[in-house]
Amino acid sequence: MRAVARARHIRQSPYKVRVVLDQVRGMSVADAEVTLRFSNRRAAEPILKCIRSAVANMNSKFELGEDLDTLAGEVRVVEAYADEGVTIKRFRPRARGRATRIRKRTCHITIVVSDGREEVD
């Protein structure tokens, strides 16, 4: 059983988010939550929210009816990646009447969780 959650238009560059995603990929959801809760990175908060959403999606999709905390011990983060989102463009005034472009990057976080059992379609 697999479930997916996506967080879109997160106002942080995908490069910085991928550093945190590399730490939690392959972990159980319970271990990933502990790691993210004590992480010093700003990207940890939206990633934690997305992981919790994926677990809730799994609970809803397969009608497991279990408490999310007990379900988190069995479920693993199978896939975790950050794609590039839209780039917000701004300009900063510079010397001698010039302007330089500021690129405010965004990213889309995708989390796939699974309990290890295969689905039968």
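That block above? That's the structure.
Scope of this entry: the structure provided in the associated data block.

So, how was this worked out
Residues numbered from 1 in each chain as written. Predicted model: local features only at pLDDT ≥ 70, side-chain atom pairs only at ≥ 80, totals over all residues. Heavy atoms only, no water. Pairing = 2+ DSSP bridges. Helix = DSSP H or I, 4+ residues; strand = E, 2+ residues; numbered from the N terminus. Axes fitted to C-alpha atoms, helices over the stretch in contact; angles between N-to-C directions. Contact = heavy atoms within 4.5 Å. Expected span 1.5 Å × (residues − 1). Buried < 20%, exposed > 50% of the residue type's maximum accessible area, 1.4 Å probe, protein only. Salt bridge = Lys/Arg side-chain N within 4 Å of Asp/Glu carboxyl O.

With that out of the way, let us pick up the sheet that holds strand E2 (residues 76–93). Strand order in this open sheet of three strands is E1-E3-E2, and the pairing throughout is antiparallel. For this open sheet the edge positions go to strand E1 (2–10) and E2, each flanked by a neighbour on one side alone. For this sheet, the mean inter-axis angle between neighbouring strands, taken without regard to orientation, is 15°. Pairing geometry for E2 and strand E3 (residues 99–114), over 15 bridges, is antiparallel. Following the sheet pairing, Ala-82 is matched in E3 by Ile-109. Relative to the sheet, helix H3 (residues 44–61) contacts E1, E2 and E3, its axis offset from that of E1 by approximately 145°.

With 18 residues, H3 should reach 26 Å at 1.5 Å per residue; the first-to-last C-alpha distance of 25 Å fits that figure. Those residues of H3 lying buried are Ala-44, Pro-46, Ile-47, Leu-48, Cys-50, Ile-51, Ala-54, Val-55, Met-58 and Asn-59. Following H3 by one or two positions, Glu-63 has its phi on the positive side, about 50°.

Tallied over the entire structure, the rule returns five salt bridges. For the salt bridge of Arg-2 with Glu-79, the shortest nitrogen-to-oxygen distance reads 2.7 Å. With Arg-2 in strand E1 and Glu-79 in strand E2, the pair connects residues that are 77 residues apart, well separated along the chain. On the accessibility criterion, Glu-79 (29% relative accessible area) is partly exposed. The partner of Arg-105 in a salt bridge is Glu-84, and the shortest N-O contact between them spans 3.7 Å. Of this pair, Arg-105 sits in strand E3 while Glu-84 sits in strand E2, and the two are 21 residues apart along the sequence. Taken together, the shared-partner salt bridges connect Glu-33, Arg-37 and Arg-52 into one network.

Geometric descriptors of this kind do not, in isolation, establish any biological role.
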